[in-house]
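Residue-level structural notes
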There are 2 protein chains.
Amino acid sequence: MTALKSALPEVDMLTEVADMARFVSGVRGETGKAAAVLRPESSKEMVQAVCALNALGIRYHTQGGNTGLVGASIPDATGEQVVISTERLKDVFEVDLENRSLRVSAGFHLSEVNERLEPHGLFFPIDLGSDPQIGGMIATNTGGGRFLRYGDMRQQVLGLALITSAGEAVKLRGPVRKANTGTDWMQLAIGSASDFGIITEAVLNIEPIPRQQATALIVPKDEAAILPLLQALERLAGPMLSAFEFMSHAAMEAAFAHIPTLRNPFANGVLPQIALLVELSRPNEPAAWETDLDEVLQQILMAIWEGEDVAIEDALFGRADTMWAMRHGLSEGVRCTGKLYAFDLGFRRQDVLAFRAAMQVDLTQQFPDVQICDFGHVGDGGLHFNLVVDPARHSATFEEELRDWVVENAVDRFGASFSAEHGIGPKNQKYFDKYGQTQPFPIN
Amino acid sequence: MTALKSALPEVDMLTEVADMARFVSGVRGETGKAAAVLRPESSKEMVQAVCALNALGIRYHTQGGNTGLVGASIPDATGEQVVISTERLKDVFEVDLENRSLRVSAGFHLSEVNERLEPHGLFFPIDLGSDPQIGGMIATNTGGGRFLRYGDMRQQVLGLALITSAGEAVKLRGPVRKANTGTDWMQLAIGSASDFGIITEAVLNIEPIPRQQATALIVPKDEAAILPLLQALERLAGPMLSAFEFMSHAAMEAAFAHIPTLRNPFANGVLPQIALLVELSRPNEPAAWETDLDEVLQQILMAIWEGEDVAIEDALFGRADTMWAMRHGLSEGVRCTGKLYAFDLGFRRQDVLAFRAAMQVDLTQQFPDVQICDFGHVGDGGLHFNLVVDPARHSATFEEELRDWVVENAVDRFGASFSAEHGIGPKNQKYFDKYGQTQPFPIN
């Protein structure tokens, strides 16, 4: 690494094991090994770094916020790879209020972007439980909890700068929204990890901060009521509908059992089989020409209850933060319950429920000691299908057998994507090799 | 062509000059020549057609609705090319209500799609003045008048089937919205004409039909008031804002002069320097919990007038169809005024106005006998920059000189896209060769 240091006198470089520790371990306990960590501070330094690594024949691995869940953000175990971290890539932050866009370096964290946009009444609308960097969000095309309203990263990225593996700086598109001048090569870099280059900068669409939000917990009479409810809400609330989240009894139970600060909002604390978190949003401050948004949500639900053929058992209104705390507590709760095998599956919206129903029968039969603790985004077809097993039952062989069985069922029977939001990475490589990326639909 | 007919006994084929006439002339008067016209009725027939053409060494040109404005939809003048028309590709039309998606053959016209979706309360939200086929809309990534609300085709396409130049049928993605399993190759085919294959089928996102719309014509005090007004509307109306269209005095004058059925809505018929057509939409039928949408629009405009630093001179409310008739009459009106040189430019939103201002000075100086008759979509940065000249002044040399000068100014000084919505085609090839497709933004 002395040669690398000499080749890059100006680029920040870590080589102490203690300094490199946080770059070689993933959030789900994965571990790797790094020869060094480079932290370029500009696209120019990134070009220098890539060229020097190429010249020395050193393999490298790009890392953003290291918040990924499929093991893709850390280096391999050989100790031969240099980690290129984008965390110091923060030289550009230019808000364009009139164009409603932001030119930003890849190293800014989502939370930092939103803090800096807040004084302008704007925000970046991809909503995640973790706090990744912008570059990593583009490289994995993250979606998140408000996909229903704002779509995924692809929908927000207007332009990119990236450094190719040959060390060339390439600009693709820019702040212009309408530009149909042939193949949009920029799209290749979105959701492709760093296969086409290291993303150093982006131009992003930004949105007005929602100033009003109304939230309700809805208990449907049964699973068959969920999609009609979603459809009725889309028809009655339109783009005000910003979340439609599904929570299973088991996942809620896990959250309340393990997170003592969570408040149980249900009558007598009795958890329903299924609860739905529904949220409406409006960008403006409450205005005289509008009915209060909480009132609107109540009236819409009342109209659905009375007029449409949707079986709602109960609807609880209350503090949004309490409800979202419960929703966001599901992951942690489930993780505390036992050994967790987590799946991040994408379906047609109706198949989220069909798949669950099938699993409740077939999985329970095939693997009787496994508990399903799922939740997800029915509005966009994303399902966090979590299986919890007794730690004593866990083994690598059992996990693999179970994982293969679940993915096979999801893909072969329901045309699912084996990775809705998290990308491929070592954890999904096997399924990518087997299924590729296309969900089956027949060609006539 | 006898050999081709023998190779494709089942595929519809035209060879009479009269039958082929509508396939070889474009809407802006371009002409080409075809050896034959093939009209496959399924992806399977399309495979056969491409394979037969390859085997016989015959060049071909794919055509959708033939509504394009850059000469890209008709064959060249050699008479060697066979036209492959997608107009009979109509074997698939499957509405998925729960997933809110549509699987559709490429040959359906936009109007046909919407007619068939209407009974379900759904529509395909790309709004265009012409009536292209779905395949062509994907191949050119059309945007249209409600881009502000629904984005472009890319935002609506969930899956594609295409036939490669080798005659292979390829499926890319499908009805699943969240699927991050590596590089999204499907994106390459969107907006790339048929460079990566002939699109035969798509899975599209569809939306609830807007049941309420409120429209106003706004006269800003000056150009400086336009962007603050747009920003205030985005903050106050959020996703209800579905159009923000800009119309110049000259374009409106041309429309009223040449289209006698148009009603002039302005006081005493005096046209302002600039008018803005603003539209709000809601998907639901009018409901008890909401203020009437016309009232909402009036109140929002009143709030802007009183509270914000936006100089509005006048706001006219009235029948939406009258206002949109005026907006849609601009093209025809301008065309009747003289020889038209039309440009379809994409800018950052603020640069639409900056470019106009610059042109009013510089173009008028450089080309004093040219009249600017522009209009466009300020909300998304699209500008239909139309120049009208005395037909006696027109010559191919003059047109080219003028065109080059305008594009040079737009691209070099304002970082514009020389084709916002229409693609490349023979008309823009020269600018593509010169500028490529990237709008300049610096790399730090």
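An unreviewed UniProt entry lists chain A under the name FAD-dependent oxidoreductase, from Sulfitobacter donghicola DSW-25 = KCTC 12864 = JCM 14565. For the record of chain A, the UniProt heading Cofactor (unreviewed entry) holds the text "FAD".

Our focus in this paragraph is the overall build of chain A. For chain A, the count of helices and strands is 15 helices and 19 strands. In terms of overall dimensions, chain A is globule-like: its C-alpha atoms have a radius of gyration of 23 Å, near the 22 Å expected for 444 residues. Oriented by its inertia axes, the alpha-carbon framework of chain A measures out at about 70 × 60 × 55 Å. When the 444 residues of chain A are sorted by exposure, 60% land in the buried category. Per element, the accessible surface of chain A, about 16,700 Å² overall, is 50% carbon and sulfur. Taking the average location of the 37 positive side-chain charges in chain A and that of its 58 negative ones, the two points are 3 Å from each other.

Here we come to the relation of the copies chain B and chain A. Placing chain B over chain A gives an RMSD of 0.0 Å and needs a rotation angle of 180 degrees, together with 0.0 Å of translation along the axis. What we have between these two chains is a two-fold relation. The overlap is high: 100% of the interface residues of chain B also sit at the interface in chain A, so the same surface is used on both sides.

Applying the stated criterion across every chain yields a total of 68 salt bridges over all chains. Measuring nitrogen to oxygen at the nearest pair gives 2.7 Å for the salt bridge that ties A:R103 to A:E201. Of this pair, A:R103 sits in strand β6 (residues 101-105) while A:E201 sits in strand β10 (residues 198-205), placing them 98 residues apart in sequence. Note on A:E201: relative accessible area 1%, which makes it buried. Here A:D184 makes a salt bridge to B:R154, at a shortest N to O gap of 3.7 Å. Placement of the pair is A:D184 in the loop between β9 (169-173) and α8 (186-189) and B:R154 in helix α7 (residues 153-156), with the two residues belonging to separate chains. For the pair formed by A:D184 and B:R154, the shared burial category is buried. One continuous salt-bridge network, built from bridges that share partners, spans A:D12, A:R22, A:R39, A:E41, A:E87 and A:R88.

Let us look at the packing of aromatic side chains. Residues and elements named next belong to chain A. In total, this model carries 22 aromatic pairs over all chains according to the counting rule given. Between F343 and F385, the ring centres sit 6.3 Å apart and the planes meet at 55 degrees, which makes this aromatic pair tilted. Here F343, found in strand β16 (residues 339-346), pairs with F385, found in strand β19 (residues 382-389); they are 42 residues apart in sequence, far enough to count as distant. Classification of F343 by relative accessible area gives buried; the value is 5%.

On the side of chain A, 89 residues touch chain B, which itself brings 89 residues to the contact. Across the chain B/chain A interface, buried area totals approximately 7,900 Å², and carbon plus sulfur atoms make up 56% of it. Seen at the junction of chain B and chain A, the total is 10 salt bridges. With a closest N to O distance of 3.4 Å, A:K178 and B:E421 form a salt bridge. For the interface between chain B and chain A, the tally reads 36 residue pairs in polar contact (both at pLDDT 80 or more). The biggest single contributor to the side of chain B that touches chain A is helix α9 (residues 226-237) of chain B, with six residues. Partitioned by chemical class, the residues of the side of chain B that touches chain A number 34 nonpolar, 34 polar and 21 charged.

All names here are of chain B. It is at 11 Å that the axes of helix α13 (residues 349-366) and helix α14 (residues 396-414) come closest, and there the two elements cross at 140 degrees. By the angle class used here, α13 and α14 are oblique. Taken as a pair, α13 and α14 cross one another with a handedness that is right-handed. Contacts between α13 and α14 pair D351, A354, F355, A358, M359, D362, L363 and Q366 from the former with L402, W405, V406, N409, A410, R413 and F414 from the latter. A class-by-class count of the residues in the contact of α13 with α14 yields 10 nonpolar, two polar and three charged.

Another aspect to go through is the state of the cysteines. In total, this model carries zero disulfides over all chains according to the counting rule given. Looking at the unpaired A:C336, the closest cysteine sulfur is the one in A:C373, lying at 11 Å.

Residue and element names in this part refer to chain B. In this model, helix α11 (residues 293-307) (15 residues) spans 20 Å end to end at C-alpha, consistent with the 21 Å of a helix rising 1.5 Å per residue. Residues L293, V296, L297, I300, L301 and I304 constitute the buried set of α11. Across the axial projection of α11, the buried residues extend over an arc of 130 degrees, all falling on one side. Exposed positions of α11 whose direction lies more than 90 degrees from the buried face are E306 and G307.

Attention now goes to the sheet that holds strand β2 (residues 36-39) of chain A. Residue and element names in this part refer to chain A. The strand order across the open sheet formed by four strands is β1-β2-β4-β3, and the pairing between neighbours is mixed. For this open sheet the edge positions go to β1 (12-14) and β3 (60-63), each flanked by a neighbour on one side alone. Taken pair by pair, the neighbouring strands of this sheet meet at an average axis angle of 25 degrees, ignoring direction. Of the strand pairs in this sheet, β3 and strand β4 (residues 82-85) are connected by four bridges, and their pairing is parallel. Across the sheet, the residue bridging to Q63 is S85, located in β4. This element, helix α3 (residues 43-56), spans β2, β3 and β4 of the sheet and lies at about 170 degrees to β4.

All names here are of chain B. Counted at 1.5 Å a residue, the expected span for helix α12 (residues 320-337) with its 18 residues is 26 Å, and the 26 Å between its end C-alpha atoms agrees. Of all the bends in α12, the greatest measures close to 40 degrees and is centred on L330. Buried residues of α12: T322, M323, W324, M326, R327, G329, L330, G333 and V334, and no others.

Here the focus is the packing of α14(B) against helix α15 (residues 425-435) of chain B. Residue and element names in this part refer to chain B. For the pair α14 and α15, the least separation of the axes is 11 Å and the interaxial angle reads 40 degrees. Accordingly, the angle class assigned to the pair α14 and α15 is oblique. By crossing handedness, the relation of α14 to α15 is classed as right-handed. Residues E400, R403, D404, V407, E408, V411 and D412 of α14 form the contact with α15, whose participating residues are K430, Y431, K434 and Y435. Counted by class, the contact of α14 with α15 contains four nonpolar, no polar and seven charged residues.

Once that is clear, we can look at the pairing of strand β8 (residues 157-163) of chain B. Residue and element names in this part refer to chain B. The buried fraction of β8 is high, at seven of seven residues. Of the pairings in the sheet, the one linking β8 to strand β10 (residues 198-205) comprises six bridges and is antiparallel in character. By the bridge assignment for β10, L162 is matched with I199. Note: β8 against strand β9 (residues 169-173), five bridges, orientation antiparallel. Note that in β9 the partner of I163 across the bridge is A169.

The rules we used
- Residues numbered from 1 in each chain as written.
- Chains lettered and ligands numbered in written order.
- Predicted model: local features only at pLDDT ≥ 70, side-chain atom pairs only at ≥ 80, totals over all residues.
- Heavy atoms only, no water.
- UniProt positions renumbered as here; feature names shortened; annotations may be inferred.
- Helix = DSSP H or I, 4+ residues; strand = E, 2+ residues; numbered from the N terminus.
- Rg over C-alpha atoms; globule rule 2.2 N^0.38 Å.
- Buried < 20%, exposed > 50% of the residue type's maximum accessible area, 1.4 Å probe, protein only.
- Areas by Shrake-Rupley, 256 points an atom, 1.4 Å probe, with all protein chains shown as cover.
- Lys, Arg positive; Asp, Glu negative; His and termini not counted.
- Charge placed at Lys NZ, Arg CZ, Asp CG, Glu CD.
- Least-squares fit on C-alpha atoms with pLDDT ≥ 70 in both.
- Contact = heavy atoms within 4.5 Å.
- Salt bridge = Lys/Arg side-chain N within 4 Å of Asp/Glu carboxyl O.
- Phe/Tyr/Trp six-rings, centres within 6.5 Å; stacked < 30°, edge-to-face > 60°.
- Buried area = accessible area lost by both parts, 1.4 Å probe.
- Polar contact = N/O pair within 3.5 Å; in protein donor to acceptor, adjacent residues only side chain to side chain.
- Nonpolar A, V, L, I, M, F, W, Y, C, P; charged D, E, K, R; others polar.
- Axes fitted to C-alpha atoms, helices over the stretch in contact; angles between N-to-C directions.
- Parallel < 35°, antiparallel > 145°, perpendicular 65-115°, else oblique.
- Left-handed = near helix turned anticlockwise from the far one by under 90°.
- Disulfide = S-S within 2.5 Å.
- Expected span 1.5 Å × (residues − 1).
- Arc of directions from axis to C-beta.
- Pairing = 2+ DSSP bridges.
- Bend = angle between axes of the 7 residues up to and from the residue.

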